[in-house]
Amino acid sequence: MTKHSCKAGQFLKNEQYAAWHDETLWIVREKRDKMARAVPEWEKLRERASKIKEHTLSELDNYLIEFEKQALKNGAQVHWAADAAQFNQIVYNIINENNASKVVKSKSMLTEECGLNLFLETKGIEVTDTDLGERIIQFRNEPPSHIVMPAIHLKKEEISELFHQKLQTEEGNFDPAYLTTAARLHLRQKFLEAEVAITGVNFAVAETGTVVVCTNEGNADMGAHAAPVQIHCMGIEKIIPGIVDLGVFIRLLARSATGQLITTYTSHYTGPKPGGHMHIVIVDNGRSEHLAKKDYLNALKCIRCGACMNTCPVYRRSGGHSYGSVIPGPIGSILAPHSQIKTSSDLPFASSLCGSCSDVCPVKIDIHDQLYRWRQDLSEMKLVSPGKRYAMKIAGKILSKSKMYDCLGKTARYVIKNLPHKLIYNRFNIWGKGRELPEVPKESFKQWYKRTYQEKGG
Amino acid sequence: MGRDKILQTIRENKTKVTPLPKTITDTNLKEKFDSGLINRFKEILQHVGGDYFEVNGTEELNAFTERHFSGAANFRKKEIWKRYPPDCPKENIAQLKTVILEVQFGVAENGAVWVDESNFPNRLLPFIAEELIVCLDSKQIISDMHEAYFRIANKVTGFGVFISGPSKTADIEQNLVFGAHGAKKTTVILY
């Protein structure tokens, strides 16, 4: 069994919990559907968003240069990081130059990807994640299980117990409003103390040098406006050409992500506050290499809404942590192999290929096609498990020889019907783990067809 | 250096240039008073957890804010601006319970209002108070985000934000709670 399926098995052991997780995410998916259906031009918006991203990627160097020029003109400082190590060092240097030791951070999958928190902490910097869900998982010392709802895997009882230990809330009080208020007071203090604020970036506008950050809580703004130094971290693919293009993406993002019309705050940072410092760190970390892989190019269009996770039957029933990649779910499964091919070669198989991910994607990424493509590429690279490889080889031989197929079909029908259950569901029958084989028909389709049509002269 | 290496790799790897789709120009920019838009805005605002009052013109607005929010820091009055300059200690701003701001326009499709640096002296103000009151000229309600960005396009300031309802979170088992970090209550006064 693959790493993912082992971890999914663990996740499914608690049936009640697994069912709750499945239902909770399905509700988010349904909210998204309602929103999409209420916008008559929804499909046109998706098409336009996809085309804008395609164009931007085809001129990425020029747009990045334009963005930098504008940002510098606005008084921001622009830094470039080729990889995670450079990125971490740049952020640390900014903190260090400002003699800071306390940092607040709002949600950024890029900083997760680069391991920024750990790096800064080893340098003695106190980093506080300020999104409620992120603060919860930071207290628990675990990675997010979803890119939009990082603590979606936790029950309120667990959070209550955690806050009782960390924030001295009442034991056994798991009222979400009470717990949120406790976090508000705790984090308000952190905002006021922080010397540097770090945010992620949803969109970066080349035309004006603006970075756009979307939150529901207001934590990016509380951080960036309270601290004298603000750092915005973005991957190179976050660029869009102009301000008016934001109309398309902002309309799509929250509707796709959580079934909201818009996030509570859509903040546009163009220049530093009077007397403050604004830094923008542009990070590559493998993205420019990804541009060369034409079959996988569309994955760079992702706006990180998480809709593909909410709809995925595998994600909903295995949880984000089962993927073992920074970004879980369908989009994570096509992104991860680009940078971690050996450790994530099982992920493109963690899918039913039902295609629902591609259907809900607001920028029309061909996610399930890429999953399928990865399977073939990984097989060619001999990066699938030997069991799967040989099974496929044998199946390929059988399926290409009609007589052998007929003969083995007959044998299988006899064996499955007459052999003891225990013998069929042996340890080599991975497919039969948790699944029953279908009832065997008396005859093959070929036999049935012959009998029904040819013998009767039909 | 990171920059040149990144740009060089992009140049080597990028695809043939594809065209940028034309911007959406088929939306009608509504300049006239449109009651359909106002009703839609009010309905959506309540849906996103916001509240509203309606008054008739600026005089009534001034009287209304005086009467109902006398303790609030009203940034529609310029004299208060110098008490909360950009370098004002954040602890002082953190004391504010209610902040009143003028906003530039509202968006009917999502109940958001647009406010930028020309509307407040310190960027923390729209976020830090427990209660946010925004005053919106009811003639300044537009239909959607495309129109919104056409309006903003030519006058980008250092910071601007769309605010739709009160601050919220659903990070604890998807239970909606207002007032995660920003305002617990957001009220729009339409005048």
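Refer to the structure presented above.
Let me begin by describing the structure that accompanies this report. (Residues numbered from 1 in each chain as written. Chains lettered and ligands numbered in written order. Predicted model: local features only at pLDDT ≥ 70, side-chain atom pairs only at ≥ 80, totals over all residues.)

## Describing the overall build of chain B
Okay, so step 1: Across its full length, chain B holds 6 helices and 11 strands.
Okay, so step 2: Principal axes of the C-alpha set define a box for chain B whose edges measure 65 × 45 × 40 Å.
Okay, so step 3: Out of the 191 residues in chain B, the part that is buried amounts to 43%.
Okay, so step 4: A separation threshold of at least 6 residues defines the contact pool for chain B, and within that pool the share at least 24 residues apart is 77%. (Helix = DSSP H or I, 4+ residues; strand = E, 2+ residues; numbered from the N terminus. Buried ≥ 20, exposed ≤ 12 C-beta atoms within 10 Å, placed from the backbone. Contact = placed C-beta atoms within 7 Å.)

## Topic: the overall build of chain A
Okay, so step 1: For chain A, the helix and strand inventory stands at 22 helices and 10 strands.
Okay, so step 2: Burial statistics for chain A: of 458 residues in total, 48% are counted as buried.

## Brief notes about unusual backbone geometry
Residue and element names in this part refer to chain A.
Okay, so step 1: Located in the positive-phi region is lysine 364, a residue other than glycine, with phi close to 55 degrees.
Okay, so step 2: Relative to the assigned elements, lysine 364 resides in the loop between α17 (356–360) and α18 (367–380).
Okay, so step 3: Phi at lysine 382 is positive, roughly 55 degrees, even though this residue is not glycine.
Okay, so step 4: Along the chain, the position of lysine 382 falls in the loop between α18 and α19 (386–400).
Okay, so step 5: On the basis of neighbour count, lysine 382 is assigned to the exposed category, with 9 C-beta atoms found within 10 Å.

## Thoughts on the sheet that holds strand β3 (residues 126–129) of chain A
Residue and element names in this part refer to chain A.
Okay, so step 1: Here 6 strands make up an open sheet; going across it, the order is β1-β10-β7-β4-β2-β3 and the pairing parallel. Every interior strand has two partners, whereas the edge strands, β1 (77–81) and β3, have only one. With strand direction ignored, the average angle separating the axes of adjacent strands in the sheet is 20 degrees.
Okay, so step 2: When strand β2 (residues 102–105) meets strand β4 (residues 196–199), the two strands line up parallel, connected through 3 bridges. (Pairing = 2+ DSSP bridges. Axes fitted to C-alpha atoms, helices over the stretch in contact; angles between N-to-C directions.)

## Regarding the interface of chain A and chain B
Accessible area lost on assembly of the parts is the figure often given for the size of an interface.
Okay, so step 1: In this assembly, 69 residues from chain A lie in contact with 63 residues from chain B.
Okay, so step 2: Taken together, the residues of the side of chain A that touches chain B break down into 33 nonpolar, 21 polar and 15 charged.
Okay, so step 3: The pairing of strand β9 (residues 265–269) of chain A with strand β8 (residues 159–163) of chain B spans 5 bridges and is antiparallel. Along β8(B), the bridge assignment pairs Tyr269(A) with Phe159(B). (Nonpolar A, V, L, I, M, F, W, Y, C, P; charged D, E, K, R; others polar.)

## Considerations on α18(A)
Residue and element names in this part refer to chain A.
Okay, so step 1: The terminal C-alpha atoms of α18 lie 20 Å apart, and with 14 residues this matches the ideal 20 Å at 1.5 Å per residue to within 8%.
Okay, so step 2: Taken together, the buried positions of α18 are Ile367, His368, Gln370, Leu371, Trp374 and Leu378. The buried residues of α18 all sit within an arc of 155 degrees when viewed along its axis, so they share a single face. Facing away from the buried side of α18 by over 90 degrees, the exposed positions are Gln376 and Glu380. (Expected span 1.5 Å × (residues − 1). Arc of directions from axis to C-beta.)

## Remarks on the sheet that holds strand β2 (residues 73–74) of chain B
Residues and elements named next belong to chain B.
Okay, so step 1: If you trace the 5 strands from one edge of the open sheet to the other, you get β1-β11-β6-β3-β2, paired in parallel fashion. Looking at strand neighbours, the two that pair on one side only are β1 (51–54) and β2, the edges of this open sheet.
Okay, so step 2: Both β1 and strand β11 (residues 185–190) contribute to a ladder of 4 bridges, which runs parallel. By the bridge assignment for β11, aspartate 51 is matched with threonine 187.

## What about the environment of Ile137(A)?
All names here are of chain A.
Okay, so step 1: Here isoleucine 137 shows up in helix α8 (residues 132–140).
Okay, so step 2: Judged by the 20 C-beta atoms lying within 10 Å of it, isoleucine 137 falls in the buried class.
Okay, so step 3: A sequence separation of 25 residues divides isoleucine 137 from leucine 162, and the C-alpha atoms of the two residues are 9.9 Å apart.
Okay, so step 4: For isoleucine 137, the contacting residues outside a window of four places in its chain are Glu142, Pro143, Pro144, Pro150 and Ala151.

## Considerations on the nonpolar core
All names here are of chain A.
Okay, so step 1: Leu246, Phe249 and Val281 are the most contacted members of the largest nonpolar core, which has 166 residues in total.
Okay, so step 2: Of all the elements, helix α12 (residues 246–257) adds the most residues to this core, at 8 residues.
Okay, so step 3: Residue assignment places this core across two domains, with domain 1 (3–9 + 305–380) and domain 2 (47–135 + 194–288) each supplying three or more.
Okay, so step 4: With residues near it in sequence (within four places) discarded, phenylalanine 249 still touches Ala49, Phe203, Ile240 and Ile303. (Core = buried A, V, L, I, M, F, W, Y, C linked by C-beta atoms within 7 Å. Domains from an automatic or database assignment.)

## A word on the pairing of strand β3 (residues 98–102) of chain B
Each regular strand carries side chains that alternate between the two faces of the sheet.
Okay, so step 1: Taken together, the 2 bridges between β2(B) and β3(B) define a ladder with parallel strand orientation. Counted as the bridge partner of Asn74(B) is Ile100(B) from β3(B).

As far as function goes, none of this settles anything; it's purely spatial.
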